[in-house]
Amino acid sequence: MDTLTKKKEDEGQAPKTKRITGSEAIILSLIEEGVEVIFGYPGGNIMPVYDALYHYQDKHIRHILARHEQGAAHAAQGYARVSGKVGVALATSGPGATNLITGIADALLDSTPLVCITGQVGSPLLGTDAFQETDVIGISMPVTKWNVLVTKAEDIPAAIAKAFYIAKSGRPGPVLIDITKDAQFAQFDYEYKKCTSVRSYIPAPKVEASKIEEAATIINSAQKPFALIGQGVILGAAEAELRAFLEKTGIPAAWTLLGNSALPTDHPLNVGMLGMHGNYGPNIKSNECDVLIAIGMRFDDRVTGDVKRYAKQAKVIHLEIDPAEVDKNVKTTVAILGDVKESLPLLTEKVSANKHEAWMEEFKKCAEIEFEKVIKHDIFPEKEGLTMGEVIRKINEKTKGEAVMVTDVGQQQMIASRYFKFNKTRSVVTSGGLGTMGFGLPAAIGAKLGAPDREVIAVIGDGGLQMTIQELGTIFQDEVPVKIVLLNNTFLGMVRQWQQLFFDKRYSSTPLINPDFIAIAKAYCIAGEKVTDRSNLEAAIDTMLNHKGPYLLEVKVEKEDNVFPMVPAGCSVSEIRLE
């Protein structure tokens, strides 16, 4: 905003408009929304925007050139997840726009606020199958919270303002604005007004006092209450409110994959991870508790197992911002709609102080069983080969719960999520609902830019790394000091585990013949080291963490290690396997 416009506003006068192109309006609108970083890739039908960006880049806004549009989308996700801001991605029409779709779908399932802006062919060419024309509005409709095609320059500011409001309000999610090339070139009188409401759109339902009373009555009479923490706590910035509720009631709490770090790892009421590869106690106790309190989570099938045999003995209280999630998978006894930052304190006020010490002891006994049968062998192995679990344990010892963990998808994702320790919220970036291999490397770039003062460690498998390995170029060009821990077992590990357990070890298309990853990193001027022996592991981790720039640490781990516990697909959470 120029000085004259600011002075006019301060004096209570209407700001004068400024005649500019649609493309410049896009950049100025992003600046008005506080955008500091954009992830993108140029092309023919977004070129006017990149030309406008030329005059603002580095002074007002930073552009990170991804090596693939999918990488731009995942980087924007990583940025949003750790910063709490809206991630922004730019792409051209046709393949540029369609390459964003995986990241957009990932963001929708994981409630990540993104604004994606795509160029489109000129208005006269719409519907003619012109060069690089695709119906990105039709394609993206099922995987966006809102999308819009803009064909007039004067509509650009309002579309961007609405996009940011929708993306970050209520249950966050991705939006897409498709802007024709002629709208980018056309001039108009620019004026920007932030969006504060949209007719018929209610971001957060009003909390009903009667539901709070009803839920409190149930909780106060419970003998074995159990809280499930979802990402809604983090998205709602309700971590302090969560702790106040748990500490007053003495209720044990477990977290979903995306709810990880909402509660510090070492909190005495934190009993571990839910889900298919979650901890033993949280899974079996889901089918033994008398009251289940779901806080900002959606009862994903990876958490419930066979939903027909999930928590049938329990009264279910569901605190949820999105009415569509209530009773969708699990029938609730009481649904408290609204933002958990508002509803949790109201509930805390009404519940009685308690400790539930005997109930907590049951979780501790389960933890002891799991330690003896699983954890001890994962993190303190007696076998000759290195394990994924011991690598994470060693990193924990060095980072002391302060680092941001970014993962790809697969065995390393589950191991890292199980064993990484956290003191701070917004410390986990992983692909939950979509399970996107290739997510980890670009997401780590965004995470580091979103939290530049924190150590960002990307834990990636050899399969996932090769899906987006070109983003090493982005790390090189933009000097992003991420630390990459490559757990290399020369397999598509999670698929191989299923083949071993359920397909009589028919390892069909899962063994990998891999390149020299350290040499590839070196080609991008990224330092690295390969570790094959336990005696070298600790020193190698020290070298990585002390290195000022980006670093690739490749660790050769056991080829056929499995991730346990495990709830087999279609089974009840009570049927969790420890071996």
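Because the structure is predicted, anything quoted here is derived from the model rather than measured.

Procedures and definitions
Residues numbered from 1 in each chain as written. Predicted model: local features only at pLDDT ≥ 70, side-chain atom pairs only at ≥ 80, totals over all residues. Heavy atoms only, no water. Buried < 20%, exposed > 50% of the residue type's maximum accessible area, 1.4 Å probe, protein only. Helix = DSSP H or I, 4+ residues; strand = E, 2+ residues; numbered from the N terminus. Pairing = 2+ DSSP bridges. Axes fitted to C-alpha atoms, helices over the stretch in contact; angles between N-to-C directions. Contact = heavy atoms within 4.5 Å. Parallel < 35°, antiparallel > 145°, perpendicular 65-115°, else oblique. Left-handed = near helix turned anticlockwise from the far one by under 90°. Phe/Tyr/Trp six-rings, centres within 6.5 Å; stacked < 30°, edge-to-face > 60°. Right-handed = clockwise from strand over helix to strand, strands pointing away. Domains from an automatic or database assignment. Buried area = accessible area lost by both parts, 1.4 Å probe. Salt bridge = Lys/Arg side-chain N within 4 Å of Asp/Glu carboxyl O.

J.: Would you take a moment to explain the pairing of strand β18 (residues 483-488) for this structure?
T.: Strand residues, when the strand is regular, have side chains that alternate between the two faces of the sheet. Burial within β18 is extensive, with six of its six residues counted as buried. Residue alternation in β18 divides its side chains into two sets, Lys-483, Val-485 and Leu-487 and Ile-484, Leu-486 and Asn-488, and both sets are buried. With five bridges connecting them, strand β17 (residues 456-461) and β18 associate as parallel partners. The residue bridging Val-459 from the neighbouring strand is Val-485, located in β18. Here β18 runs beside strand β20 (residues 551-556); their pairing, made up of six bridges, is parallel. Counted as the bridge partner of Lys-483 is Tyr-551 from β20.

J.: What is the right way to read the sheet that holds strand β12 (residues 291-295) from this model?
T.: Backbone-to-backbone hydrogen bonds join strands into a sheet, with any given pair of strands oriented parallel or antiparallel. Read from one edge to the other, the open sheet built from six strands follows the order β11-β10-β9-β12-β13-β14, with strand pairing classed as parallel. On the outer flanks of this sheet lie β11 (270-273) and β14 (334-337), each paired with one strand and no other. Within this sheet the neighbouring strands show an average axis-to-axis angle of 20°, counted without direction. Across five bridges, the pairing between strand β9 (residues 225-229) and β12 is parallel. Paired with Leu-228 across the two strands is Ala-294, which belongs to β12. Strand contacts of helix α9 (residues 209-220): β12, β13 (315-320) and β14, with the helix running at about 135° to β14, the strand carrying the most contacts.

J.: Which parts of the structure should I look at to understand the packing of helix α11 (residues 239-249) against helix α14 (residues 340-350)?
T.: A pair of packed helices is captured by two measures, namely the crossing angle of their axes and the spacing between those axes. Where α11 contacts α14, the axes come no closer than 9 Å and their chain directions differ by 20°. Judged by the angle between their axes, α11 and α14 are roughly parallel. Seen from above, α11 lies across α14 with left-handed handedness. Mapping the contact onto sequence places Glu-241, Leu-242, Ala-244, Phe-245 and Lys-248 in α11 and Lys-341, Leu-344, Pro-345, Leu-347, Thr-348 and Glu-349 in α14.

J.: Just checking my understanding: could you explain the packing of aromatic side chains for this structure?
T.: Given two aromatic rings, their pairing is described by the distance between the two centres and the angle made by the two planes. Throughout the structure, instances matching the rule amount to nine aromatic pairs. Between Trp-498 and Phe-502, the aromatic rings sit 5.4 Å apart at their centres with planes inclined by 70°, giving edge-to-face as the arrangement. Of the two residues, Trp-498 and Phe-502 are both situated in helix α21 (residues 493-502); the distance of four residues between them amounts to about one turn of the helix. Classification of Trp-498 by relative accessible area gives partly exposed; the value is 24%. Of the residues examined, Phe-502 reaches a relative accessible area of 32% and is grouped as partly exposed. Taken together, the aromatic side chains of Phe-226, Trp-359 and Phe-363 make up a single cluster linked through ring pairs.

J.: Explain the pairing of strand β3 (residues 62-65) to me, please; I cannot follow it from the model alone.
T.: Of the pairings in the sheet, the one linking strand β2 (residues 37-40) to β3 comprises four bridges and is parallel in character. Each bridged residue has a counterpart across the sheet, and for Phe-39 the counterpart in β3 is Ile-64. You can see the chain leave β2, run along helix α3 (residues 47-53) and come back into β3, and the turn it takes is right-handed.

J.: Teacher, can you tell me more about the domain arrangement of the protein here?
T.: Assigned domains of the protein: these are domain 1 (4-190), domain 2 (209-363) and domain 3 (384-556). Centre-to-centre, using C-alpha coordinates, domain 2 lies 31 Å away from domain 3. Opposite the 17 residues of domain 2 that make contact, domain 3 presents 20 residues. Around 1,500 Å² of area is buried between domain 2 and domain 3 when both sides are counted, 58% of it from carbon and sulfur atoms. Linking domain 2 with domain 3 are zero salt bridges.

J.: Help me understand the side chain of Glu-69 in this model?
T.: Tracing the sequence through the fold places Glu-69 in helix α4 (residues 69-83). With residues near it in sequence (within four places) discarded, Glu-69 still touches Tyr-41, Ala-91, Gly-96, Asn-99 and Leu-100.

J.: Whenever I open this one, the sheet that holds strand β19 (residues 527-531) confuses me. Can you help?
T.: An order of β16-β15-β17-β18-β20-β19 is seen for the six strands of this open sheet, with the pairing classed as parallel. Whereas interior strands pair on both sides, the edge strands pair on one side only; in this sheet they are β16 (428-429) and β19. Packed onto the sheet, helix α16 (residues 388-399) meets β17, β18 and β20 and runs at close to 160° relative to β18.

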